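Spelled out, the chains give:
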Amino acid sequence: GFRFDGVTSILYKHHGIGHCFVNGYGEYFGMGTDIDACVYLMLANDLIHSFRPGCLSIAEDVSGMPTLCRPVHEGGFGFDYRLAMAAPDMWIKLLKEFGDDAWDMGYIVHTLTNRRYKEKVICYTESHDQALVGDKTMAFWLMDKEMYDGMSLLTPANHIVDRGIAMHKMIRLLTMSLGGEGYLTFMGNEFGHPEWIDFPRLGNDWSYHHARRQWHLADMTHLRYIHLNNFDAAMMGLEEAIPFLHEGAHEYVSLKNDMDKLIVAEKGELLFVFNFHPTNSYQSYRVGTAWGGRYKIILDSDWNEFGGHERNDRNAEFYAVSENWCGRPHYLEVYSPSRTVLVFAKVRE
């Protein structure tokens, strides 16, 4: 496939500089739009898909150009996906500027779900824009210098590492579940790579020290990176077993509770319960669902193999009550520990 970089700069004569694209369709289809560039992108995508059916093309566009990801024969630009560039910026902003108790659940959900109807999106939590010099990986924002001494399984995790691992798992799964129709992981993000990337330059005296990815960290069984890597594998396995990223998958967010710091969402045939509260766990918490019947937990970020504390019974069963709750026709009563995500699926009778 092909990833087209800097599509916003291609589309407009002003290259997107100084434009926020919040003032209506005139910003997209006015005199500032480069028609030759638009035709070029349409021709390029038509060529790609004609010569290699099944090949994917992905646009890096921050403007939100309408029809960018609709077929050329419909009058679109022909891209298969666009990158959801607002999501990683949001996560880094939250980690840099706000304490956990100040995170706005509505803002998080809006940023992840704010995408054009019938245009597919690939979402991600971080990329080179976040991990290159001048910034840090998400794991390093969460745990910083504690990653140098606190990632060993030979000693108990301190509260910074415990929080960091818990939040890293939740951020990834929330992004994957609500961010669109595809999920991208940046080099090492799957196991919480520390530090940053910095290529040799005058400013670092041409050092190669940070021009690296330490892949071996994910394989070292005495380090906590293995827990984050296990969770990434479980996320991928969940999508394989019960697909929820395909185009047209059912999606409904029934709860964005800023007081309790809970997000409850249906995606595909799954029910996700995210508890971002730093201290509060909730017993017998009602969560709405579209489906009646019997449920089981099929993924829990709190399981031991993910560095969790195993606060829910893996074999517990939950029975939906047929009563309206949060705009849904049924509800479950669940135990939602702080800083965890639970994924429920109906038991097939």
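Residues numbered from 1 in each chain as written. Predicted model: local features only at pLDDT ≥ 70, side-chain atom pairs only at ≥ 80, totals over all residues. Heavy atoms only, no water.

A. Structural context of the packing of helix H8 (residues 159-178) against helix H9 (residues 225-241). In the contact formed by H8 and H9, the axes pass within 10 Å of each other and the chain directions differ by 20°. It follows from the interaxial angle that H8 and H9 lie roughly parallel. As for the relative orientation of H8 and H9, their crossing is right-handed in sense. In this structure, H8 contributes Ile-165, His-168, Lys-169, Arg-172, Leu-173 and Met-176 to the contact, and H9 contributes Leu-228, Phe-231, Asp-232, Met-235, Met-236 and Glu-239. The residue inventory of the contact of H8 with H9, partitioned by class, reads 7 nonpolar, 1 polar and 4 charged. (Axes fitted to C-alpha atoms, helices over the stretch in contact; angles between N-to-C directions. Helix = DSSP H or I, 4+ residues; strand = E, 2+ residues; numbered from the N terminus. Parallel < 35°, antiparallel > 145°, perpendicular 65-115°, else oblique. Left-handed = near helix turned anticlockwise from the far one by under 90°. Contact = heavy atoms within 4.5 Å. Nonpolar A, V, L, I, M, F, W, Y, C, P; charged D, E, K, R; others polar.)

B. Just a nonpolar patch on the surface, in detail. Among the surface-exposed residues, Ile-35, Val-39 and Leu-43 lie close enough to one another that they form a single nonpolar patch of about 290 Å² accessible area. Structurally, the position occupied by Val-39 is in helix H2 (residues 35-51). Given the relative accessible area of 40%, Val-39 is considered partly exposed. (Patch = residues over 30% accessible without salt bridge, like charges linked within 9 Å, V, L, I, M, F, W, Y side chains within 5 Å. Areas by Shrake-Rupley, 256 points an atom, 1.4 Å probe, with all protein chains shown as cover. Salt bridge = Lys/Arg side-chain N within 4 Å of Asp/Glu carboxyl O. Buried < 20%, exposed > 50% of the residue type's maximum accessible area, 1.4 Å probe, protein only.)

C. Fine view of the pairing of strand E10 (residues 294-300). Counted residue by residue, E10 has 5 buried out of 7 residues, so it is predominantly covered. The pairing of E10 with strand E11 (residues 317-319) spans 3 bridges and is antiparallel. When the bridges of E11 are listed, Lys-296 appears paired with Glu-317. Bridge analysis of E10 against strand E13 (residues 340-346) gives 5 bridges, and the strand direction is antiparallel. Counterpart to Leu-299 in the pairing with E13 is Val-343. (Pairing = 2+ DSSP bridges.)

D. Structural detail: the nonpolar core. If you look at the biggest cluster of nonpolar residues, it comprises 70 residues, and the most contacted ones within it are Trp-91, Trp-103, Ile-108, Leu-173 and Phe-344. In terms of residue count, the dominant contributor to this core is H8 (9 residues). Excluding its chain neighbours within four sequence positions, the residues that come into contact with Phe-344 are Glu-269, Leu-270, Leu-271, Val-273, Tyr-295, Lys-296, Ile-297, Phe-318, Leu-332 and Val-334. Core analysis: the next-biggest nonpolar cluster, separate from the first, contains 17 residues, Phe-4, Cys-38, Met-65 and Phe-79 among them. (Core = buried A, V, L, I, M, F, W, Y, C linked by side-chain atoms within 4.5 Å.)

E. Broad picture of H8. Under the 1.5 Å per step criterion, the end-to-end length of H8 is 28 Å for 20 residues, consistent within 8% with the ideal 28 Å. Among the 20 residues that make up H8, 17 are buried, leaving the element largely enclosed by the rest of the structure. Its side-chain oxygen 3.0 Å from the backbone nitrogen of Ile-160, Asn-158 forms the N-cap of H8. Looking one or two residues beyond H8, the residue adopting positive phi is Gly-180, at roughly 150°. (Expected span 1.5 Å × (residues − 1). Polar contact = N/O pair within 3.5 Å; in protein donor to acceptor, adjacent residues only side chain to side chain.)

F. Broad picture of the packing of aromatic side chains. Taken as a whole and assessed by the stated rule, the structure comprises 20 aromatic pairs. With a centroid separation of 5.6 Å and an interplanar angle of 20°, the aromatic rings of Phe-21 and Tyr-28 are classed as stacked. Comparing Phe-21 with Tyr-28 shows no difference in burial state: the two are buried. Taking 6.3 Å as the distance between ring centres and 80° as the angle between the ring planes, the aromatic pair formed by Phe-191 and Tyr-225 counts as edge-to-face. A residue pair is termed long-range when its members are at least 10 positions apart, and Phe-191 in the loop between strand E5 (182-184) and H9 and Tyr-225 in helix H9 qualify at 34 residues. One exposure class covers both Phe-191 and Tyr-225, and it is buried. (Phe/Tyr/Trp six-rings, centres within 6.5 Å; stacked < 30°, edge-to-face > 60°.)

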